[in-house]
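Below, each chain spelled out in residue letters.
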Amino acid sequence: MWDEVRTFIDEHDSFLVTTHIFPDGDAIGSELALARALRKLGKRALVVNEHPTPRTYEFLDPDGSIKTYTEDLDDRIARCTGAFVLDVGSLERLGNVGPALERAGPPTACIDHHKTNGGFADVNVIDPRAASTGELIYDLVRALDVPVTRGIADALFIATATDTGWFRFPNTSPRVHRMAADLIELGVEPARIYAAIHETDRWERMELVKRVLGTLEGAADGRIAYFYLTNAMLEETGATEEDAEELTDLPRPIEAVQLILFFRETRGKIKVSMRSKDGPPVDTLAGKYGGGGHARAAGILMEGELADVMNTIVDEAKALLDSGGR
Ligand code: AMP
Ligand code: MN
Ligand code: MN
């Protein structure tokens, strides 16, 4: 599986590494692990993302090696002769890094686990059975015979822990637990990592949670939970855009809930986050409105007013439940 990637690495000395907008734990962890492995092989690696590293993951990158894209970086990007695109199903999801990459024009390799990934790169390793991109990077690092340093192990643990909801979601396979066990043997401290990511919120974020939960409604006999976040809530609470991440799972504890829909005003658009607990897959519905994702977690960025988008998507979700997901 890794021969082509190995050749790709052999052929180049200097790599750009990038991932999707609003990077999550899998995105950041996969990038850092791969960049660190490339450097172990004597290669140069420049990690550039459209959006800054969320505050909760900064501890993983104490030197600030991950750069946030500005045009000033174009020269450095142009000097990279190969590019790795991680945890992302299409170039559109790279924000301004996508066009920058196209201008520079290096050959690309994509490592990803999105089913919707059509293989847009020159070298593609797409495995939807993998719970996280980090799981694939772990495989690659071992195939390359690179020692799994503590820095690589921490990054990969975060990638797999976050994309499996800390080993709760149905994508949590034996392979996930074996990988986690290996990484813990290499020194990873799960309790410390959990606390660093999930027990470091500011009061402002909890104020935001209070507001957001105030909007929670049920539909389809309580099988759909939907709720929203407005720009005004951010202003009132002093919470940041980043505080607005990872709120989608809040209604998950409700037994009756099969589908969760979270609507969020962001930069003149509406971001829809969809989760299917034990309901029908949501990636097809996301795809119908130009979004994408996985069967159990998908998203869309939509134009329009919050109320209209909410009406449209809640109706779609009801129809999806009625059709039994067909
Ligand atoms: P989120 O709700 O942002 O946590 O996103 C859940 C999943 O949906 C992500 O892992 C992405 O794979 C996918 N996703 C979210 N937003 C989009 C989008 N606008 N276009 C395509 N895929 C998306
Ligand atoms: Mn991701
Ligand atoms: Mn992922």
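Cut-offs applied
Residues numbered from 1 in each chain as written. Chains lettered and ligands numbered in written order. Predicted model: local features only at pLDDT ≥ 70, side-chain atom pairs only at ≥ 80, totals over all residues. Heavy atoms only, no water. Core = buried A, V, L, I, M, F, W, Y, C linked by side-chain atoms within 4.5 Å. Buried < 20%, exposed > 50% of the residue type's maximum accessible area, 1.4 Å probe, protein only. Contact = heavy atoms within 4.5 Å. Axes fitted to C-alpha atoms, helices over the stretch in contact; angles between N-to-C directions. Helix = DSSP H or I, 4+ residues; strand = E, 2+ residues; numbered from the N terminus. Parallel < 35°, antiparallel > 145°, perpendicular 65-115°, else oblique. Left-handed = near helix turned anticlockwise from the far one by under 90°. Nonpolar A, V, L, I, M, F, W, Y, C, P; charged D, E, K, R; others polar. Donors = N, O, S within 2.8 Å, 3.2 Å for Na, K, Ca; no water. Domains from an automatic or database assignment. Salt bridge = Lys/Arg side-chain N within 4 Å of Asp/Glu carboxyl O. Polar contact = N/O pair within 3.5 Å; in protein donor to acceptor, adjacent residues only side chain to side chain.

(A) Looking closely at the nonpolar core. By size, the foremost hydrophobic cluster in this structure holds 47 residues, and its most contacted members are F84 and L183. Apart from the residues within four sequence positions on either side, F84 is in contact with V5, F8, I9, F15, L16, V17, T18, L34, L38, A109 and I111. Core analysis: the next-biggest nonpolar cluster, separate from the first, contains 23 residues, Y226, F263, I300 and V309 among them.

(B) The packing of helix 6 (residues 150–163) against helix 7 (residues 174–185), seen in detail. Between helix 6 and helix 7, whose axes approach to 10 Å, the crossing angle comes to 150°. Considered as vectors, helix 6 and helix 7 are oriented roughly antiparallel to each other. The element helix 6 and its partner helix 7 pack so that their crossing is left-handed. Contact residues: A153, L156, F157 and T160 in helix 6; V176, M179, A180, L183 and I184 in helix 7. Here the residues of the contact of helix 6 with helix 7 sort into 8 nonpolar, 1 polar and no charged.

(C) Region of the structure containing the coordination of the manganese ion (ligand 3). Looking at the metal site, the manganese ion (ligand 3) is ligated by D26 (OD), D87 (OD), H113 (NE2) and D163 (OD), spaced 2.2 Å from it. Summarised as a motif, the one-chain spacing of the donors to the manganese ion (ligand 3) is D-x60-D-x25-H-x49-D.

(D) Molecular detail of the coordination of the manganese ion (ligand 2). All of the protein donors around the manganese ion (ligand 2) are H20 (NE2), D24 (OD), D24 (OD) and D87 (OD); their distances to the metal are 2.1 to 2.7 Å. Here the donor residues of the manganese ion (ligand 2) share one chain and are spaced in sequence as H-x3-D-x62-D.

(E) View of the domain arrangement of the chain. Taken domain by domain, the chain comprises domain 1 (3–198) and domain 2 (203–323). For domain 1 and domain 2, the distance between their C-alpha centres works out to 27 Å. The interface of domain 1 with domain 2 comprises 14 residues on the first partner and 11 residues on the second. Between domain 1 and domain 2 we count 1 salt bridge in total. Between D283 and K115 there is a salt bridge, and its shortest N-O distance comes to 3.0 Å. Our count for the contact surface shared by domain 1 and domain 2 stands at 3 residue pairs in polar contact (both at pLDDT 80 or more). Of the residues assigned to the side of domain 1 that touches domain 2, the class counts are 5 nonpolar, 7 polar and 2 charged.

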